[in-house]
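What follows is the residue order along each chain.
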There are 2 protein chains.
Amino acid sequence: MTRSPLARPRVTITDVARAAAVSRQTVSNAVNNPHRLSPETLERVLATIGDLGYRPQAAAQSLRHQRTGAIGVELGTLGPRRLNETTAPLLAALGVVGAPHDFHVVPFGSSSDEPMIDGYENMWRTRLVDSFIIMDTHHGDPRPQWLEAHGIPFVSFGRVWDDPGFTRWVDVDGAAGTQAATEHLLAGGYRRVGFLGWPEGSLVGDDRWLGWERTVPESHRGPSARVSQNLRAAWTAATELIGRLEPGDALVCASDILALGVHHALLAAGRQVGAEIGLIGFDGSPIAEIHDLSTIAHPIHQAAEALLTLLRGELDAAPPPAQGRLLAPHLVARASTSGPGNTHR
Amino acid sequence: MTRSPLARPRVTITDVARAAAVSRQTVSNAVNNPHRLSPETLERVLATIGDLGYRPQAAAQSLRHQRTGAIGVELGTLGPRRLNETTAPLLAALGVVGAPHDFHVVPFGSSSDEPMIDGYENMWRTRLVDSFIIMDTHHGDPRPQWLEAHGIPFVSFGRVWDDPGFTRWVDVDGAAGTQAATEHLLAGGYRRVGFLGWPEGSLVGDDRWLGWERTVPESHRGPSARVSQNLRAAWTAATELIGRLEPGDALVCASDILALGVHHALLAAGRQVGAEIGLIGFDGSPIAEIHDLSTIAHPIHQAAEALLTLLRGELDAAPPPAQGRLLAPHLVARASTSGPGNTHR
DNA sequence: GGGGTTGTTTTGATCGATCTAATGGCTACT
DNA sequence: AGTAGCCATTAGATCGATCAAAACAACCCC
């Protein structure tokens, strides 16, 4: 029944103090204010810390500092809001990027459509977390206002559309993404570049449309259409659209799902993806990877860094930034944009 | 600069005690041992708790109890082990199911392929978590042994293949899944049912193959093939396979990716999915949903419950169960198994 | 030698909750 | 009346870390 030193009994600051024949405070200083100790003492204490494998306990620090370093992130599991493709990777990135700064993530769920503020309130009141990152904000979203009203620190991944004065957000520059996609296709030798996007009126959708529209020269403009985010709709629209596409033309799509619809329509029409018709999606989803479709991927890692920086400012009561932060997504080139005439592998 | 009661200053047990004119301990008892109080006192204290909106602080409880209720879950972000389709939903389910039992999840990442034990050691030594759920165990996985050796509480989602004596796992019954798929197809009127799976030798793959093999009668057995988990391979194999399929036949696939490959091959061959050839995948992934493919979905919610139950036993030093727990997945019927001759929608 | 500095180390209090043991009030039994 | 027993309540200590302030040592200056 012997247990290794990692297990019980835990190593506390008192153990280290005793072993090094100093006071608890001196051990604490060795860790947090090394300059206060004489070189000899410092060395001895640090050696003892190493020997015993001491690490400060998070719970004790949290209590003392009144800060846990835990960031609440809501995962909409059931109900209308699904776990989307971007959420999970962002969560992972936040975990990795946050660790060195003593931040960690605590996902929590809202099991139903109930006033989901409940989840936030629980996490906050028990101080299981001391800040939040909200995502997928939409018009009429009650969360920003509620959090603000209660003085709860939070930042947003995605602009807060309802409140233009709110600047503690990080978002992906959709227009820059479709612009890069368009340039990539033109540079790759495709003659005309068209666009398949979502119906006008969605802020994200319009943004992505804009990037294409402002980039493609009149002389190289291919046909375009706007349909809803759904495979069947995309397929149907694409079937009509590709009737107007000539070999050497290409399509920029507002999402990987739309691109997939086009992919299927091309397949069914017996036309070749990439060599005959260029095709690129948006979102960097696994779906695009599986189908060997080029796509515009979100800068997840950068977003995580930026969000944490913002959050740290917020927790230290620093003034909010002058404006939100737009990050450029990056291009992932695959077979579907290998260039006209190029038969890929 | 007024702040709402939810924000600073926090409501502590002392505040409640003062307001209700009792001692701190009495407030604590009102919450944890109500039977110890006289009815009048209890009522008064609870009313005060309600008025002030008191909730015990997690950090203080953690320190006192030497238990945080936090469960570490590793998210393999980069490196070889990817964030798979099941991980994210399970994480969400654990969050929801765990909350009422004062459990919460803390995802942490291994940013590289380094000895990833590091991540576990960090989380454990600082007692940021006091247990782990490991997933995606594989042959030669160092984690179970390491955790065991250090006396760290953990349970596994997925059998621990290396150690048959280890019983603190929950897994999905693959054979039951493919059996249900096969029965569904036969009951739906498909004449012959074939199988497309992974090469022999993978434990999960063989399990899924078995469910089909033991269920389909000799007289209704369709052609089968075994290929690697990858769209292109599936597509190629399926192209060959469907040459041997007659209208009214169906295929059970070991994964949604494989089913997708078949779907594409059918599409390219101009054959109709569902009405002509039945098709069902495995894993309940979004990919299947998007393509309107029937699939066998993992019982994520049940798995989360079972894992938490196991974990609670482990934390309370209860003896391990006699054996691991196999959960039956459930069938999600969509257009791809609508029955021979039935044109769906 | 008293007083002032600087530098290192320690003491005591604190964060918020809960455990243990003690206290005071009341009834009941001898 | 004395005391044993029970119930409701409270005082004090504890979990592990850190802050603020005190103590102590060594040195310099007038």
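Look up a bit, the structure's there.
These numbers were taken from a predicted model, which means no experiment stands behind them.

Calculation notes
- Residues numbered from 1 in each chain as written.
- Chains lettered and ligands numbered in written order.
- Predicted model: local features only at pLDDT ≥ 70, side-chain atom pairs only at ≥ 80, totals over all residues.
- Heavy atoms only, no water.
- Contact = heavy atoms within 4.5 Å.
- Buried area = accessible area lost by both parts, 1.4 Å probe.
- Salt bridge = Lys/Arg side-chain N within 4 Å of Asp/Glu carboxyl O.
- Polar contact = N/O pair within 3.5 Å; in protein donor to acceptor, adjacent residues only side chain to side chain.
- Helix = DSSP H or I, 4+ residues; strand = E, 2+ residues; numbered from the N terminus.
- Near = heavy atom within 4 Å.
- Pairing = 2+ DSSP bridges.
- Axes fitted to C-alpha atoms, helices over the stretch in contact; angles between N-to-C directions.
- Phe/Tyr/Trp six-rings, centres within 6.5 Å; stacked < 30°, edge-to-face > 60°.
- Buried < 20%, exposed > 50% of the residue type's maximum accessible area, 1.4 Å probe, protein only.
- Right-handed = clockwise from strand over helix to strand, strands pointing away.
- Nonpolar A, V, L, I, M, F, W, Y, C, P; charged D, E, K, R; others polar.

Q: What exactly am I supposed to notice about the interface of chain A and chain B here?
A: When the parts come together, some accessible area is lost, and that loss is often what is quoted as the size of the interface. Counting residues at the interface gives 59 residues for chain A and 59 residues for chain B. In total, about 5300 Å² of surface goes out of reach between chain A and chain B, with carbon and sulfur atoms giving 65% of it. On the surface where chain A and chain B come into contact, there are two salt bridges. Ionic pairing is found between A:Asp292 and B:Arg232, a salt bridge with its closest N-O pair at 3.9 Å. There are eight residue pairs in polar contact (both at pLDDT 80 or more) connecting chain A and chain B. Elements that contribute at least two residues to the side of chain A that touches chain B include exactly α4 (58-65), α5 (87-98), β2 (104-110), α6 (117-125), α7 (143-149), α10 (231-242), α11 (256-268) and α12 (286-290) of chain A.

Q: Please clarify how the protein's contact with DNA strand D should be interpreted in this entry.
A: Taken together, 27 residues sit near DNA strand D, with A:Ile13, A:Gln25, A:Arg64, B:Thr26 and B:Thr41 positioned nearest. Close to the protein, within 4 Å, the atoms of DNA strand D belong to sugar or phosphate groups at a rate of 65%. At 3.4 Å, a side-chain N or O of A:Arg24 approaches a base oxygen of DNA strand D. In the environment of DNA strand D, a base oxygen lies 3.1 Å from a nitrogen or oxygen atom belonging to the side chain of B:Arg64.

Q: Is there a simple way to think about the sheet that holds β2(A) in this case?
A: All names here are of chain A. Taking strand neighbours across the sheet as the criterion, the six strands line up as β2-β1-β3-β4-β5-β11 in an open arrangement whose pairing is parallel. Every other strand in the sheet has two partners, leaving β2 and β11 (325-327) as the edge strands with one partner each. Within the sheet, the average angular offset between the axes of one strand and its neighbour, ignoring direction, is 25°. The sheet contact formed by strand β3 (residues 131-135) and strand β4 (residues 154-157) spans four bridges and is parallel. Within β4, the position partnered with Ile134 by the bridge is Ser156.

Q: For this particular structure, what's the right way to read the packing of aromatic side chains?
A: Note on aromatic pairs: each is described by the distance of the centres and the angle between the planes. The tally for this structure, following the rule as stated, stands at ten aromatic pairs over all chains. Ring centres 5.4 Å apart and planes at 20° place the aromatic pair A:Phe195 and A:Trp212 in the stacked group. Taken together, the positions of A:Phe195 in strand β6 (residues 193-197) and A:Trp212 in helix α9 (residues 203-213) put the pair 17 residues apart, joining distant regions of the chain. Accessibility expressed as a relative area gives 0% for A:Phe195, which makes it buried. Ring centres of B:Phe154 and B:Phe166 lie 5.3 Å apart, and the angle between their planes is 15°; this geometry places the pair in the stacked category.

Q: Can you walk me through the pairing of strand β6 (residues 193-197) of chain B in this structure?
A: Along a regular strand, successive side chains alternate from one face of the sheet to the other. All names here are of chain B. The buried fraction of β6 is high, at five of five residues. Side chains of β6 alternate between two faces, with Val193, Phe195 and Gly197 and Gly194 and Leu196 buried alike. As paired strands, β6 and strand β7 (residues 221-226) are joined by four bridges and run parallel to one another. Looking at β7, one finds that Gly197 is bridged to Arg226. With helix α9 (residues 203-213) bridging β6 and the parallel β7, this β-α-β connection has right-handed handedness. Judged from the four bridges that link them, β6 and strand β8 (residues 250-253) form a sheet pairing that is parallel. Considered in β8, the bridge of Phe195 is made with Val252.

Q: Would you mind showing me how to read the protein's contact with DNA strand C here?
A: Neighbouring residues of DNA strand C: 27 residues in total, closest A:Thr26, A:Thr41, B:Ile13, B:Gln25 and B:Arg64. Put simply, 62% of the atoms of DNA strand C that lie within 4 Å of the protein are in sugar or phosphate. Separating a base oxygen of DNA strand C from a side-chain N or O atom of A:Arg64 is a distance of 3.1 Å. Residue B:Ala60 places a main-chain N or O atom 3.4 Å away from a base nitrogen belonging to DNA strand C. Sorting the residues of the surface near DNA strand C by element identifies α2 (24-32) and α4 of chain A together with α2 (24-32) and α4 (58-65) of chain B as the ones contributing at least two each. With five residues, the single largest contributor to the surface near DNA strand C is α4(B). When its residues are assigned to classes, the surface near DNA strand C shows eight nonpolar, 13 polar and six charged.

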